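An overview of the molecular structure
Each chain, letter by letter, is given below.
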Amino acid sequence: MKKNINKNIFYALDIGSRKMTLAAAAPNDSGALSPVLIETQKSVGIFKGVVNDLASLSDAVSQLFKKMETRLGAKASHVALSINGNYINARHSQAAVALSDRGTRSITRRDIEKLNAQARTLGLELDEQLLHEYPQGYSIDRHNKTLNPMGLHGRRFEVDMLLVCANTGYVENIARAVEQAGLDVANVVFSGVAASEAVLSDEKKEKGVILVDIGDALTSVLIFKDGVVRKVSVLSFGGKNLSEIIANYCSVPLETADNIKETSLEVGHDIPETEEVMIKTEYAYKPVKKQDLSRVCQPEIDRFIAMLRGTIFESKDMNFSAMPVVVIGGLSQLEGLLEKMERDLGLSVNMGLAKGLGDISPTKASAYASALGLLYLRKDYHLGAALKLRCQGKNKLARALDYVTNLYQDYF
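Now for a look at the structure at hand. (Residues numbered from 1 in each chain as written. Predicted model: local features only at pLDDT ≥ 70, side-chain atom pairs only at ≥ 80, totals over all residues. Heavy atoms only, no water.)

Quick word on the overall build of the chain
Which entries qualify depends on this criterion: By the criteria applied, helices consist of DSSP H or I runs no shorter than four residues and strands consist of E runs no shorter than two, each listed in order from the N terminus. For each residue, the accessible area found with a 1.4 Å probe, counting protein chains only, is set against the maximum for its type, and the residue is called buried under 20%, exposed over 50%, and partly exposed in between. Here the open area of atoms and residues is found with the Shrake-Rupley method and a 1.4 Å probe, where only the protein chains shown may cover a residue.
Within the chain, the regular secondary structure consists of 12 helices and 21 strands. Out of the 412 residues in the chain, the part that is buried amounts to 47%. Of the roughly 20,900 Å² of accessible surface on the chain, a fraction of 49% belongs to carbon and sulfur atoms.

What follows is the structure in structure tokens.
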């Protein structure tokens, strides 16, 4: 039977190096997305965000959507996409415009849009695609920064903008794989930003919080303050680093090492010497002490925390002492890791909890944080686009007044 396309269902696809996660839901009567359905599929044809086999990646995406479509009884047409990789870059871009040649005038929304557009133009490279932009503050006549300059008077208008961008070719390759699976890509989001929507409240973002998303190959770090993303970094560390160390030490396949890491690896110095784990080799089982597993992985964990510390405390103009660290991803459940991070960083460290997945506990749901948060963003994006279309449909007189007002403010 041919499935009908249900345009009321939102789809969000998070593509990682180890697995891809598809979340789907339709708004209920109150507008909330419920229930949320999750399907996962092993990632193939991609590593650290770079596509190395387009056909394999497209086939995997197609299989994942077929499983979801079978559950929903509806065919998907559009999907939001979250990505991560070494090609993700974040940088500041400054721009300035003169509001008036003589005297001062009030700042309008048009002024803000023009200034932001200039910051984007100056900050982006030719081979980059903009994913997100976060104004860090606006200055009027070089006075103190504000996040809301609307209506203020001045002569010179400046902005400091944080741009999160990605190599256009890499993004297009991932999007092409999804499109070859029969889907249109509605929007592309950095996975760290998507995850923050699922695990961080607006209150935490306002007070200040550090989100650490440990993936299989890479770790994303986002710092929030005053409700705004203040810093974005991608670190070359993931769960696979520890799996490779275990595989070499125990002489086992990487898949077996993954299982050992998830079930038997602990971080800490108080592991009883007698505790062992039985490891299946090619010919027999052999015992390995948990202390030895911890010891061989310790240098890599120390390296990760040192990178994290350098990333967090690199900014001297921010007070991190009261900022908690929220950790998500597979390694967030590694026994002893959060306690060690707390000791070494000197900050409060907690596991992130993602809500909204029904019977799935918030702890386990954090593994799907990027897909879940992306689903929320997809709904907001859809509603925002609809609102913009409604605003554009206002009467001709209102549009003419807007045009005359903007023209007057540009020249007088």
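Having put the structure on the table, let's press on.
Structural notes on unusual backbone geometry
Between Ser-34 and Pro-35 the backbone carries a cis peptide bond, its omega angle lying at -5 degrees. Along the chain, Pro-35 falls in the loop between strand S3 (19-25) and strand S4 (37-42). Backbone geometry places Arg-142, a non-glycine residue, at a positive phi of 60 degrees. Summarising the element assignment, Arg-142 is placed in the loop between strand S11 (128-140) and strand S12 (153-154).

A word on the side chain of Glu-158
Cut-off, in case you're wondering: Any pair of N or O atoms that falls within 3.5 Å is considered a polar contact. Within protein, one atom must be able to donate a hydrogen and the other to accept it, and sequence-neighbouring residues count only if both atoms are side-chain atoms. In this description, contact between two residues means that some pair of their heavy atoms is separated by no more than 4.5 Å.
Among the structural elements, Glu-158 can be located in strand S13 (residues 156-167). Only 3.4 Å separates the side chain of Glu-158 from the side chain of Arg-156, close enough to count as a polar contact. Filtering out sequence-adjacent residues up to four positions away, Glu-158 remains in contact with Ala-95, Ala-96, Leu-115, Gly-137, Tyr-138, Ser-139 and Arg-142.

Here's the deal with the nonpolar core
The line we're drawing: Here, nonpolar core means buried Ala, Val, Leu, Ile, Met, Phe, Trp, Tyr and Cys residues that are tied together by side-chain atoms lying within 4.5 Å of each other.
Judged by nonpolar contacts, the single largest core of 67 residues is most densely connected at Tyr-11, Leu-13, Phe-65 and Ile-83. With near-sequence residues (within four places) excluded, Phe-65 lies in contact with Tyr-11, Leu-13, Leu-22, Ala-76, Val-79 and Leu-183. Counting residues in hydrophobic clusters, the runner-up holds 39 residues, among them Ile-214, Cys-250, Val-288 and Val-349.

Some remarks on the packing of aromatic side chains
Note the cut-off: In this analysis, rings of Phe, Tyr and Trp, with Trp reduced to its six-membered ring, are considered paired at centre separations within 6.5 Å, and the interplanar angle assigns stacked below 30 degrees, edge-to-face beyond 60, and tilted for intermediate values.
In the structure shown here, the tally under the stated rule is four aromatic pairs. Seen from their ring centres, Tyr-11 and Phe-65 are 6.1 Å apart, and the 45 degrees between their planes marks the pair as tilted. A residue pair is termed long-range when its members are at least 10 positions apart, and Tyr-11 in strand S2 (residues 10-15) and Phe-65 in helix H1 (residues 54-72) qualify at 54 residues. According to the relative accessible area criterion, Phe-65 is buried, its value standing at 3%. Between Tyr-87 and Tyr-170 the ring centres are 5.1 Å apart and the planes differ by 55 degrees, which places this aromatic pair in the tilted class.

Quick word on the sheet that holds strand S20 (residues 325-329)
Here is the rule: For two strands to count as paired, DSSP must find a minimum of two bridges between them. Comment: axis = line fitted to C-alpha atoms, over the contacting stretch for helices; angle = value between 0 and 180 degrees taken between N-to-C directions.
In spatial order, the strands read S17-S16-S15-S20-S21; together these five strands make up an open sheet with mixed pairing. For this open sheet the edge positions go to strand S17 (228-235) and strand S21 (349-351), each flanked by a neighbour on one side alone. Taken over all neighbouring pairs, the strand axes of this sheet differ in orientation by 20 degrees on average, direction set aside. Taken together, the six bridges between strand S15 (residues 209-214) and strand S16 (residues 219-225) define a ladder with antiparallel strand orientation. Residue pairing for S16: Ile-210 is matched across the bridge by Ile-223. Most of the contacts of helix H8 (residues 290-312) go to S17, to which it runs at about 150 degrees, and overall it touches S15, S16 and S17. Sheet strands in contact with helix H9 (residues 337-345) are S15, S20 and S21, and its direction is about 160 degrees off that of S21.

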